[in-house]
Amino acid sequence: MKVAFAGTPGFAAQVLEGLLGSGHEVGLVVSQPPRRRGRGRKFSQTPVGKLAASRNLDLVQPEDIGEVADRIASSSDVLVVAAYGQILRREVLGAARHGAYNVHPSLLPAYRGAAPVERAIMNGEKVTGVSIMKMDEGLDTGPVALRQEVEIGPETTGGELSERLARIGADLLVRVLDDLEAGRLHLEEQDHSRATYAAKISPEERFIRWEDPARRVHDHVRALSPHIGARTTHPDVEGPVKVWRTRIARDVAGLGPGEILAQKERLLVGCGEGALEILELQLPGGRALSSAEFLRGHRLSGAFGG
């Protein structure tokens with residue numbers, strides 16, 4: 001089948017990589033335009049844009065995907081979407097003759113929306129998955145062609161889970177395209193009464209609530225690692241401190257929420273219930289350091305804030 005692919009971040013690039021290894025032809029790739037990022041505010045190409053360029057694929061990066069609906073219609077049998085980053089209107093969804101299919105990293109109807117991977121981990125879920133859905137005009141409301149469950153380990157990070165779901169999603173996608181081409185694809189309507197929503201992580205939600213139980217704080221940190229970063233504050237530090245890795249400290253008691261205990265090469269912090277050991281953190285303007293590296297050059301006392 002001739003495929004138009006729309007996606008932007010690393011998750012989408014992994015799905016595209018898997019699709020390129022199949023027997024289907026990717027004739028057009030659509031990604032978000034390069035944006036200014038980082039301290040130097042230099043333009044940064046999207047991961048999908050980089051992959052498309054490296055494979056000499058036909059790449060377009062409009063501000064609005066509706067601008068290329070005619071190109072999708074003329075070049076493709078089907079549109080595949082993975083974390084593109086825009087709501088697709090009717091003229092785009094119906095541009096290709098077989099419609100549009102989305103690779104969504106959750107077991108729909110659970111965790112519809114922008115942040116299903118992060119929300120599943122933050123909520124302490126032990127199982128999530130990938131769904132291949134035929135898109136309609138709703139928010140992840142279309143019928144599902146295939147889905148597969150995936151276990152979430154107690155230490156799995158958002159980045160690790162996203163990579164695993166992308167690999168599985170690519171395999172499922174190829175199976176769906178094979179079935180679509182053969183005329184044997186079966187679609188199952190979602191049970192909308194069971195739907196849950198995974199909203200985008202807001203700037204405020206990046207900050208750690210030390211009054212929460214240690215398990216919940218740990219889940220928060222690993223959900224946002226390594227692409228967003230959980231944050232906390234300290235009165236001696238100008239700007240937020242990013243916390244990249246933690247583990248539950250079962251041998252520590254008596255620390256109040258946010259209270260810091262530097263113990264040789266261990267950096268311990270109290271929570272509303274239990275305590276955490278910070279394994280990796282980053283000061284504003286610095287690089288990520290292990291707690292042992294950090295404590296050799298810095299001293300923190302008192303308590304972290306929210």
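See the structure shown above.
Just so we're clear, the structure is a prediction, and the values are computed from it rather than from any experiment.

K.L.:
So, the pattern of salt bridges: which residues are in play, and what are the values?
P.N.:
Counted under the stated rule, the structure contains 21 salt bridges. A salt bridge links Arg55 to Glu17; the nearest nitrogen and oxygen atoms lie 2.2 Å apart. Placement of Arg55 in the loop between helix 2 (47–54) and strand 5 (59–60) and of Glu17 in helix 1 (residues 10–20) is noted, with a sequence separation of 38 residues between them. The partly exposed category is assigned to Arg55, whose relative accessible area is 39%. Salt-bridge contacts for Arg90 lead to Glu137; the nearest nitrogen and oxygen are separated by 3.0 Å. Note that Arg90 is positioned in helix 4 (residues 90–93) and Glu137 in the loop between strand 8 (127–134) and strand 9 (144–151), a separation of 47 residues in sequence. Residue Arg90 shares its accessibility class with Glu137, and that shared class is exposed.

K.L.:
Give a detailed account of the side chain of Arg119, specifying residues and quantitative values.
P.N.:
Within the element layout of this structure, Arg119 appears in helix 5 (residues 116–122). Taking the relative accessible area as the measure of exposure, Arg119 reaches 12% and is therefore buried. The contact partners of Arg119, leaving out residues within four places of it in the chain, are Tyr111, Ala198, Ala199, Lys200, Ile201 and Glu205.

K.L.:
Tell me about helix 6 (residues 158–182), and please be specific about residues and values.
P.N.:
An ideal rise of 1.5 Å per residue puts 36 Å on 25 residues; helix 6 measures up with 36 Å between its terminal C-alpha atoms. Where helix 6 ends, the next residue or the one after it, Gly183, has phi of about 75 degrees, a positive value.

K.L.:
Pulling in residues and values, what's your account of the sheet that holds strand 2 (residues 25–30)?
P.N.:
Read from one edge to the other, the open sheet built from seven strands follows the order 5-2-1-6-7-8-9, with strand pairing classed as mixed. Two strands lie at the open edges of the sheet, namely strand 5 and strand 9, each paired on one side alone. Helix 1 contacts strand 1 (2–7), strand 2, strand 6 (78–82) and strand 7 (100–104) of the sheet and is inclined by roughly 165 degrees relative to strand 1.

K.L.:
Tell me what's going on with the nonpolar core, and back it up with residues and numbers.
P.N.:
By size, the foremost hydrophobic cluster in this structure holds 67 residues, and its most contacted members are Phe5 and Trp210. Tallying contributions element by element places helix 6 first for this core, with 10 residues. Not counting residues up to four positions away in its chain, the partners in contact with Phe5 are Ala12, Val15, Leu16, Leu19, Val26, Leu28, Val29, Val30, Val48, Leu79, Val80 and Ala82. If you look at the next biggest cluster of nonpolar residues, it comprises 22 residues, including Ile65, Val81, Val92 and Met133.

K.L.:
For a nonpolar patch on the surface, give the residues involved together with the corresponding values.
P.N.:
A cluster of nonpolar side chains, contributed by Ile87, Leu139 and Tyr197, occupies part of the molecular surface with about 340 Å² of accessible area. Positionally, Tyr197 belongs in the loop between helix 6 and helix 7 (214–223).

The rules we used
Residues numbered from 1 in each chain as written. Predicted model: local features only at pLDDT ≥ 70, side-chain atom pairs only at ≥ 80, totals over all residues. Heavy atoms only, no water. Salt bridge = Lys/Arg side-chain N within 4 Å of Asp/Glu carboxyl O. Helix = DSSP H or I, 4+ residues; strand = E, 2+ residues; numbered from the N terminus. Buried < 20%, exposed > 50% of the residue type's maximum accessible area, 1.4 Å probe, protein only. Contact = heavy atoms within 4.5 Å. Expected span 1.5 Å × (residues − 1). Pairing = 2+ DSSP bridges. Axes fitted to C-alpha atoms, helices over the stretch in contact; angles between N-to-C directions. Core = buried A, V, L, I, M, F, W, Y, C linked by side-chain atoms within 4.5 Å. Patch = residues over 30% accessible without salt bridge, like charges linked within 9 Å, V, L, I, M, F, W, Y side chains within 5 Å. Areas by Shrake-Rupley, 256 points an atom, 1.4 Å probe, with all protein chains shown as cover.

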